[in-house]
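Residue-level listing of the chains:
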Amino acid sequence: MVSIEDFQKLEFIIVKIKEVNEHPNADRLYVLKVDAGGEDRLLVAGIRSSYIPEELIGKSVVMVSNLQPATIRGEESHGMILAASDDNTVAVLCPDRDVVLGSRVK
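Residues numbered from 1 in each chain as written. Predicted model: local features only at pLDDT ≥ 70, side-chain atom pairs only at ≥ 80, totals over all residues. Heavy atoms only, no water.

Undergrad: Help me out: how do you make sense of the packing of aromatic side chains in this one?
TA: Two measures describe an aromatic ring pair: the distance that separates the ring centres and the angle between the ring planes. Inspection of every chain in the model, using the stated rule, returns 1 aromatic pair. Measuring from ring centre to ring centre gives 5.9 Å for Phe7 and Phe12, while their planes differ by 35 degrees; the resulting arrangement is tilted. The exposure class of Phe12 is buried, given its relative accessible area of 13%. (Phe/Tyr/Trp six-rings, centres within 6.5 Å; stacked < 30°, edge-to-face > 60°. Buried < 20%, exposed > 50% of the residue type's maximum accessible area, 1.4 Å probe, protein only.)

Right, dumping it as structure tokens:
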């Protein structure tokens with residue numbers, strides 16, 4: 001179990017996907033450039049099996065923004081896109097209406 005205090009340390013924000021590139025060293029990963037409300041970030045995301053780049057570009061999604069950077073197969077990732085998955089697919093989490101980029105998810 002995680003305490004509410006530990007959960008509150010995570011910062012979830014809305015970002016817009018600007019660029020999608022295949023990860024040079026992994027078949028299941030994309031390198032995404034996202035707009036976090038005036039700040040661009042690069043993220044590595046394991047969503048390549050469920051999305052083509054054209055489906056993602058321009059999409060607003062939920063990102064964990066205050067994770068320590070992690071190097072994933074040679075590419076540095078500065079956040080994490082939230083997604084749900086089952087045995088067949090992966091679905092990124094998206095707001096159901098437009099909000100200002102960088103808005104916190106509460």
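Undergrad: Can you help me understand the sheet that holds strand 7 (residues 80-81) in this one?
TA: Across the sheet, 5 strands lie side by side as 3-2-1-4-7; this open sheet has antiparallel pairing. Two strands close off the open sheet at either side, each with one partner strand: strand 3 (40-45) and strand 7. (Pairing = 2+ DSSP bridges. Helix = DSSP H or I, 4+ residues; strand = E, 2+ residues; numbered from the N terminus.)

Undergrad: When you look at the pattern of salt bridges in this model, what are you seeing that I'm missing?
TA: Pairing between side chains of opposite charge can happen when the charged atoms of each approach one another. Taken as a whole and judged by the stated rule, the model has 7 salt bridges. For Glu39, the salt bridge is made with Arg41, and the minimal N-O distance between the two is 3.3 Å. A relative accessible area of 16% means that Arg41 is categorised as buried. Here Arg97 makes a salt bridge to Asp96, at a shortest N to O gap of 3.8 Å. Of the two residues, Arg97 and Asp96, neither departs from the other in class, the shared state being exposed. A network of salt bridges, in which partner residues are shared, links Lys18, Glu19, Lys33 and Asp40. (Salt bridge = Lys/Arg side-chain N within 4 Å of Asp/Glu carboxyl O.)

Undergrad: How should the pairing of strand 2 (residues 30-35) be read in this particular structure?
TA: Along a regular strand, successive side chains alternate from one face of the sheet to the other. Most of strand 2 is tucked away, with 5 of its 6 residues classed as buried. Sheet topology places strand 1 (residues 12-22) next to strand 2; 6 bridges connect them, and they run antiparallel. Each residue of the ladder has a partner; that of Ile17, found in strand 2, is Val34. Sheet topology places strand 2 next to strand 3; 6 bridges connect them, and they run antiparallel. Its bridge partner being in strand 3, Val31 is matched across the sheet by Val44. The antiparallel pairing of strand 2 with strand 3 creates a hairpin that spans 4 residues between the two strands, and Gly37 there sits at a positive phi of about 90 degrees.

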